[in-house]
Amino acid sequence: MVSFRPSPTALEVRHRHEVLTIEAWGADSVRVRAAQHRIPAESHGALDRLPPCDLPQITAEKDRATFVHGDLTVHVDFDRRAAYPEPLLTFTRTSTGDELLAESREHFWLPGARVFTGNQWGTHEVHQQFAAYEGERLYGMGQRTHGRLDLKGLALDLVQRNGEVSIPFVLSNRGYGLLWNLPAVGRVEFAQNATRWQAGQAREIDYWFTAAPTPAGVLARYADATGHTPELPEWASGFWQSKLRYRDQDELLAVAREHRRRGLPLSVIVADYFHWSAMGDYRFDQSEWPDPKAMVDELAELGVELMVSIWPTVSPLSEHFADYRDRGLLVGTHQGVEFHQTIQDKDMAAPMPVAFYDPTNPRTRQFVWDLVRRNYRDLGVRVFWLDACEPELNPAHPGHLSLYAGPGAEVAGIYPRDNARLFAEGMAADGEPTVLLCRSAWAGAQKYGAALWSGDIPATWESLRQQIRAGLSTAVSGIPWWTTDIGGFHGGDARDPAYRELMIRWFQFGVFCPLFRLHGDREPRNPTSFAQTGGPNEVWSYGEEAYDIISGLLHLRERLRPYIHEQMRTAARTGLPPMRPLFVDHPEDPHAWAVDDAFLFGPDILVAPVTQPGQRSREVYLPAGNRWVCAASGEVHEGGRTVTAPAPIDHIPVFTREGADVPLTA
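Numbering of residues begins from 1 in every chain and follows the order in which that chain's sequence is written. Local features in this predicted model are restricted to residues of pLDDT 70 or higher, and side-chain atom pairs are both shown and tallied only at a pLDDT of 80 or more, whereas totals for entire chains, interfaces and linings draw on every residue. Neither water nor hydrogens contribute to the side-chain values; these are computed over all heavy atoms in the structure.

A closer look at the overall build of the protein chain
Going by this rule: By definition, any uninterrupted DSSP run of H or I lasting at least four residues is a helix, any uninterrupted run of E lasting at least two residues is a strand, and each is numbered from the N terminus. Note that the radius of gyration is over C-alpha atoms, with the globule rule given as 2.2 Å times the number of residues to the power 0.38. Each residue's exposure class comes from its accessible area (1.4 Å probe, protein chains only) as a fraction of the maximum for that residue type: buried when under 20%, exposed when over 50%, partly exposed otherwise. Contact between two residues is taken to exist if any of their heavy atoms lie within 4.5 Å; hydrogens are not considered. For the accessible areas, the method is Shrake-Rupley and the probe is 1.4 Å, while residue cover comes only from the protein chains on display. As used throughout, the charge tally considers Lys and Arg to be positive and Asp and Glu to be negative, leaving His and the chain termini uncounted. By convention, the charge on Lys lies at NZ, on Arg at CZ, on Asp at CG and on Glu at CD.
Of regular secondary structure, the protein chain possesses eleven helices and 40 strands. Taking 26 Å as the expected radius of gyration for a compact globule of 666 residues, we find that the protein chain reaches 25 Å, a close match to that expectation. When the backbone C-alpha atoms are referred to their principal axes, the protein chain occupies close to 80 × 70 × 40 Å. By the burial criterion, 63% of the 666 residues in the protein chain qualify as buried. When contacts within the protein chain are restricted to residue pairs at least 6 apart in sequence, those whose partners lie at least 24 apart make up 70%. Approximately 23,700 Å² of the protein chain is accessible, and the part contributed by carbon and sulfur atoms is 48%. Across the protein chain, the centroid of the 65 positively charged side chains sits 3 Å from that of the 85 negatively charged ones.

This is the structure we're talking about:
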């Protein structure tokens, strides 16, 4: 027996022990939740605010109900002829009747489409299965290292790792978007025979579904549901300089002064890890940084922001360790002591265990921000690098964690989002805009000013190729602010001509990324400890030919900054990311859905990076519906075709939409 109970905004469906709700959640969108006995009162997902929307139209009969909400219709069918009948959902487009997505049973007998097994900490392992469709393409899911843009056919772990950022949102070329609103450790399989989402430990099934008519519309609905990014601060669109580690105040200032002497633009420079006295103190080591206020003031006179690296790790040698421990501000464990990583921090003769603070705890957020405010903000620092914020566990077993928000297996996905929240709320209280450079994120992190970068990637051509897909997947996943370590992080010798070519090509890609940033651990490299510094990584480190090209790119970025801020205002208002796949603007062009090695930077610039050594031309597909102008030659091409574009070492193929006024040339 199935029962339906409509209300003005939702439909409740009950069958045996299961309760299922379908609720209007933004225009053309619904939130679906299912649980045993009752829907939990508390959720740690991204849907913490109901977007404004019209009321749905709900009809219910004996074995069938229909939920019509704008251009989305949800059908609930209960087939009594089945051996073990259960209510099954089908999502269709109201205006056409086309099926977008439908639940499917895991087995014709048992289990069904929604599966609850086991009982751990009052939770279940849950599965949600949907049908698979011939020709479907799927995009998003955060940032990955598999090097694919279309996710169809892949199985993905839903867990946070260095370079593997789990944002469980997917956009389909069938005309829908789906957010798996559970931050639990799990898995999704986009297989040929079914799509199946799985969480190892959860109290419910919870997902959000939208049927906006275009990819841009899907992204707009998603931003409405999970939060809009703020506008990018004016200073943040310029060039960010970093190497593995500037060891002290004099070294860092010397680099900033050299930029000024050479007439090179510079917006941000970085005091990276181990600038502190001890992990968890969140202050400069006075022996290396004797007058940080004077340093920040001098940088401000140069028009440069200081970004400070902050890890969520807490050393047992920290002056505040007892407070963290005794006030319950650390991430706990189900068994054992509260240490989850090892590193050789200041005053350690060898690597020692360190703890992590728990940003899901509001008392932790207040305690840490008080330290940050006193030791950084009061000096004038307003940019923070939230490194290792997955958090980086050793061993990598998030299920062993115990957080304020719940067991690690159930809520670990939100750690980086709530870490960004800590700093965003503190900066908001000061009335200051910021950018938080994060190594990980979850759905909704964009509303806290999280800028994602692609983690500790290798300095290889293959890695450069992967970055294009990683950045586009991040954009589709709702994070408009994205960047890489230009040149890769692990390795690269500034003296090597082969590496210099890679660096040039990476810079030519990076100048068209939402954030423009150089970083890396160059040769000679050292084992991880507070003694690290890394090899030279300034733009003048790579020889005269590379310097001439790279310095020109820094000035190109300066010319592009007004255009970039126009795109960033659009991103804040509509959820449309500046760096995006071709299909977002050209959904009616079938070939645009297949291009994964080029992208749009705003509506008017098409970028085709060079990702092979020695390559001096490449094929570029120009989307239909427009004429495109080669930025290098001025030649005009019809859209809807592939052209062979020259790519000499001093530039990559870039095209502008005919009629657009984009300052690509001096």
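Next comes the rest of the write-up.
Details of the nonpolar core
Selection rule: What we call a nonpolar core is a set of buried Ala, Val, Leu, Ile, Met, Phe, Trp, Tyr and Cys residues that are connected through their side-chain atoms within 4.5 Å.
In this structure, Leu306, Tyr324, Phe384, Phe423, Phe507, Phe512 and Ile605 are the most contacted members of the largest nonpolar core, which totals 161 residues. No other element matches helix H10 (residues 544-574), which puts eleven residues into this core. Excluding residues that lie within four positions of it along the chain, isoleucine 605 makes contacts with Phe512, Leu560, Tyr563, Phe599, Leu600, Val654, Phe655, Val662 and Leu664. Counting residues in each nonpolar core, the second largest holds 47 residues, with Leu156, Tyr176, Leu182 and Ile205 among its members.

Observations regarding the sheet that holds strand E14 (residues 169-172)
Defined as follows: Two strands are counted as paired when DSSP detects at least two bridges linking them. Between N-to-C directions, angles span 0 to 180 degrees; the directions come from axes that are lines fitted to C-alpha atoms, helices contributing only their stretch in contact.
The strand order across the open sheet formed by eight strands is E1-E2-E3-E4-E18-E15-E14-E12, and the pairing between neighbours is antiparallel. The sheet terminates laterally at strand E1 (2-6) and strand E12 (138-140), the two strands that pair on one side only. The mean angle between the axes of side-by-side strands here comes to 20°, regardless of whether they run parallel or antiparallel. Across four bridges, strand E15 (residues 176-180) lies against strand E18 (residues 205-210) in antiparallel orientation. Directly across from glycine 177, in E18, lies its bridge partner threonine 210. Strand contacts of helix H1 (residues 215-226): strand E4 (29-36), E14, E15 and E18, with the helix running at about 155° to E14, the strand carrying the most contacts.

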